[in-house]
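Residue-level structural notes
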Amino acid sequence: MADFKIPIAQSPATAAANTYTDLKGLAAIKKDPNSPQAIHALAQQVDALFLQMMLKSMREAGAEEGEPDSNAMGMYQDLYDKQISLTLSQHGGLGIGALLTRQLGHAAAAAKKAAAPVSTAPQPTPAAAPAAAVPPLGDTGSRPHAGAVTAQSASDFVKAVLPTIRAAATTLGVSPLGMLAQAALETGWGHRMARAADGAPSLNLFGVKADPSWKGARATANTVEFSAGVATQRQAAFRVYGSIADSVSDFASLLSGSPRYARAIAQGGTAQAYIESIGQSGYATDPEYAAKLHDILHGSTLRTALSGSSTL
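None of these values were measured; they are calculated from a predicted model. Residue positions are given per chain, counted from 1 along the sequence in the order it is written. Residue-level local features of this predicted model are given only where pLDDT is at least 70; pairs of side-chain atoms are given and counted only at 80 or more, and the full residue set underlies all totals for whole chains, interfaces and linings. Water and hydrogen atoms were dropped before computing side-chain values, which therefore reflect all heavy atoms in the structure.

1. Considering the packing of aromatic side chains
The geometry of an aromatic ring pair is captured by the separation of the ring centres together with the interplanar angle, meaning the angle of the planes. Any two rings among Phe, Tyr and Trp, with Trp reduced to its six-membered ring, count as a pair given centres within 6.5 Å; such a pair is stacked if its planes are under 30 degrees apart, edge-to-face if over 60, and tilted if neither. Within this structure, the stated rule accounts for six aromatic pairs. For the pair Phe 251 and Tyr 283, a centre-to-centre distance of 5.8 Å together with 90° between the ring planes defines the contact as edge-to-face. Of this pair, Phe 251 sits in helix α8 (residues 244-256) while Tyr 283 sits in the loop between α10 (271-281) and α11 (289-297), and the two are 32 residues apart along the sequence. Accessibility classification places Phe 251 together with Tyr 283 in one group, the buried group. Joined through ring pairs, the aromatic side chains of Phe 206, Phe 251, Tyr 261, Tyr 283 and Tyr 289 make up one cluster. Under the scheme used here, helices are H or I runs from DSSP no shorter than 4 residues and strands are E runs no shorter than 2 residues, and both carry numbers assigned from the N terminus. Here the term buried applies to any residue with accessible area under 20% of the maximum for its type, exposed to any over 50%, and partly exposed to those in between, with areas from a 1.4 Å probe on protein chains only.

2. Focus on the nonpolar core
Ranked by internal contacts, the top residues of the largest apolar core, which has 43 residues, are Met 179, Leu 205, Phe 206 and Ile 278. Top element by residues in this core is helix α6 (residues 154-172). It accounts for nine residues. Residues belong to one nonpolar core when they are buried, are Ala, Val, Leu, Ile, Met, Phe, Trp, Tyr or Cys, and are joined through side-chain atoms within 4.5 Å. Among the nonpolar cores identified, the runner-up in size contains six residues, and Ala 194, Ala 236, Phe 238 and Val 240 belong to it.

3. Focus: the packing of helix α7 (residues 176-187) against α10
At a closest axis distance of 7 Å, the pairing of α7 and α10 adopts a crossing angle of 50°. Classified by the angle their axes make, α7 and α10 are oblique. For the pair α7 and α10, the sense of crossing is right-handed. Two secondary-structure elements touch here, α7 through Leu 177, Gly 178, Met 179 and Gln 182 and α10 through Ala 271, Tyr 274, Ile 275 and Ile 278. By residue class, the composition of the contact of α7 with α10 is six nonpolar, two polar and no charged. Convention adopted: a line fitted to C-alpha atoms gives each axis, helices being fitted over their contacting stretch, and angles between N-to-C directions are expressed from 0 to 180 degrees. Each angle gets one of four labels, with under 35 degrees taken as roughly parallel, over 145 as roughly antiparallel, 65 to 115 as roughly perpendicular, and the rest as oblique. Definitions for this section: a left-handed crossing has its near helix turned counterclockwise from the far helix by less than a right angle. A right-handed crossing has that turn clockwise. The criterion used for residue contact is that any of the two residues' heavy atoms lie within 4.5 Å. Nonpolar residues are Ala, Val, Leu, Ile, Met, Phe, Trp, Tyr, Cys and Pro. Charged residues are Asp, Glu, Lys and Arg, and all others, Gly as well, are polar.

4. Some points on the pattern of salt bridges
One speaks of a salt bridge when a side-chain nitrogen belonging to Lys or Arg is within 4 Å of a carboxyl oxygen belonging to Asp or Glu. Applying the stated rule across the entire model yields four salt bridges. Notably, a salt bridge pairs Glu 225 with Lys 209, separated by 2.9 Å at the nearest N-O pair. Highlighted residues: Glu 225 in strand β1 (residues 218-227) and Lys 209 in the loop between α7 and β1, separated in sequence by 16 residues. With relative accessibility at 38%, the residue Lys 209 sits in the partly exposed group. Linking Arg 239 and Asp 211 is a salt bridge whose minimum nitrogen-to-oxygen distance equals 3.3 Å. Of the two residues, Arg 239 sits in strand β2 (residues 230-239) while Asp 211 sits in the loop between α7 and β1, which places them 28 residues apart along the sequence. Salt bridges sharing partners connect three or more residues here, namely Asp 211, Arg 239 and Asp 250.

This is how it looks when you write it as structure tokens:
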């Protein structure tokens, strides 16, 4: 018969518990109950106990059908069952020992970890990653991808575009706040701008499309158009500008050069009148365009952003 090997090496103390009558070997386990060897030996003893109970039940069931054994024979069989149970448990047994070894091992490791002294020395703080620089709105440098959203705040957006919008609005005779609300809606406060093929922002503050008359650079982007109240997503070409000033100036020329927007200019002395007139002019196909401008104009975002700006 091939020799069996116990998976976990036994210490001299626990190895002495190889016979069920060796009480000294069992007592040695108590000296270091959390050691892997002691846990393994204890699990074997439990496994042997179950094996012994099983053998005893089998013998008792067999004795009922034949002649009862003498007292001496019963004693010897009991001794044999106990020893054979322990031996079998050391060679695999019922598998209960392996299960207990894993469970008790995890418990002992957790207890050891909990008992470990906790260092009160200050721990080094990980170095903070440098904050990514937010490019100014007028930067036409390359961007990671066309749909990238910058970390620019509404306040930054207002500071970047308001001076130029104010100048153009004064020339047109309309409210700069109305134009500012329109730029905020069209660009999502500077976060949604069509981008050129190289990733540079179009700086198109008012969503002006590149019609056949436009001779400059173009940027293609998805847009939502409404027809009979039904929204449809389409791709459209938008004008690309070299600066915020170019964008505002082109938009002002568009308003002043088209009869469609004559009413917006004539009645746009107040912000509310301007956004209502622009909405009615058909500047956008969105039937809720004027309502969305109204929400921006009277919203807390614009109010907070303007609090850090110079007086209009």
